[in-house]
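The lines below spell out each chain.
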Amino acid sequence: MNRVLPKNAKGFTLIELMIVIAIIGILAAVALPRYQDYTVRAKVSEVLLAATPAKVAVTESVQANNVMPATASLTVESQTSPYVASVSYKRDDGNTSVGTITVTTTASDQPATGDPRISGKTLTLTGTFTPATGQLTWVCAAGPTDPIDAKYLPASCK
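Presented here is an overview of the structure given in this document. (Residues numbered from 1 in each chain as written. Predicted model: local features only at pLDDT ≥ 70, side-chain atom pairs only at ≥ 80, totals over all residues. Heavy atoms only, no water.)

The next point concerns the sheet that holds strand β3 (residues 122–130). Ordered in space as β1-β2-β3-β4, the 4 strands form an open sheet in which the pairing is antiparallel. Each having just a single partner strand, β1 (84–91) and β4 (135–142) make up the two edges of the open sheet. When the angles between neighbouring strand axes are averaged without regard to direction, this sheet yields 15 degrees. Across 7 bridges, strand β2 (residues 98–105) lies against β3 in antiparallel orientation. The partner of T102 across the bridge, within β3, is T124. Contacts from helix α1 (residues 14–49) reach β1, β2, β3 and β4 within the one sheet, and its direction differs from that of β3 by about 40 degrees. Helix-sheet contacts for helix α2 (residues 52–65) involve β1, β2, β3 and β4, and the interaxial angle to β4 is about 155 degrees. (Pairing = 2+ DSSP bridges. Helix = DSSP H or I, 4+ residues; strand = E, 2+ residues; numbered from the N terminus. Axes fitted to C-alpha atoms, helices over the stretch in contact; angles between N-to-C directions. Contact = heavy atoms within 4.5 Å.)

Right, let's get into the state of the cysteines. What the rule picks out here adds up to 1 disulfide. A sulfur-sulfur separation of 1.7 Å characterises the disulfide bridge that pairs C140 with C157. Disulfide C140 to C157: torsion about the S-S bond roughly 70 degrees, handedness right-handed. Taken together, the residues C140 in strand β4 and C157 in the segment after β4 connect sequence positions 17 residues apart. Per residue, the accessibility class of C140 equals that of C157, and both read buried. (Disulfide = S-S within 2.5 Å. Buried < 20%, exposed > 50% of the residue type's maximum accessible area, 1.4 Å probe, protein only.)

Here we take up the side chain of R91. The topology assignment puts R91 in strand β1. Residues within four places of R91 in sequence aside, it is in contact with V67, M68, P69, A70, T71, T96, V98 and G99.

The terminal C-alpha atoms of α2, which comprises 14 residues, lie 20 Å apart, in line with the 20 Å expected from a rise of 1.5 Å per residue. Residues of α2 that are buried include every one of A54, V58, S61 and V62, and no others. The arc enclosing the buried residues of α2, seen along the axis, measures out at 100 degrees, which places them on a common side. With respect to the buried face of α2, the exposed residues turned more than 90 degrees away are E60, Q63 and A64. Among the structural elements, β1, β2, β3 and β4 are those in contact with the buried residues of α2. (Expected span 1.5 Å × (residues − 1). Arc of directions from axis to C-beta.)

Let us now look at the nonpolar core. Grouped together as the largest cluster of nonpolar side chains are 27 residues, with contacts concentrated most on V58, M68, V87, Y89, I101, L123 and I148. At the level of secondary structure, the elements contributing two or more residues to this core comprise α1, α2, β1, β2, β3 and β4. Top contributing element to this core by residue count: α1, with 4 residues. (Core = buried A, V, L, I, M, F, W, Y, C linked by side-chain atoms within 4.5 Å.)

Put into structure tokens, the structure is as follows:
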């Protein structure tokens, strides 16, 4: 059985198709930069996660000794990944209740690793120990040298 279409049912006109393509183009132009920022934020979350073993080591030392560990007395496990070049710890010489974990991202000159938007940047976790309460608090922030842009920091670092 053959179906015959009415004469006025011919499909989409060229202008209707062009409008649909324009709408898709506008949506893509808005969504693509947001997606790229999202992927960089995910990489920075991995950078922050790489500091966890050092954070645990500092916390255990504080619980055992009731003071922030000296820089030389704490060995930080080398945490490297495609986005993490190094993790280091340093106690503030002027205030023995403060210590800082610094995570440095990989350089973008290594095409298989890194990301040019966070290449060679730093992120810090500053731990402050209050002996009176026995509480150790951590504050996450962009590093003092070559900081990661604020728009890429995880919510816990803003």
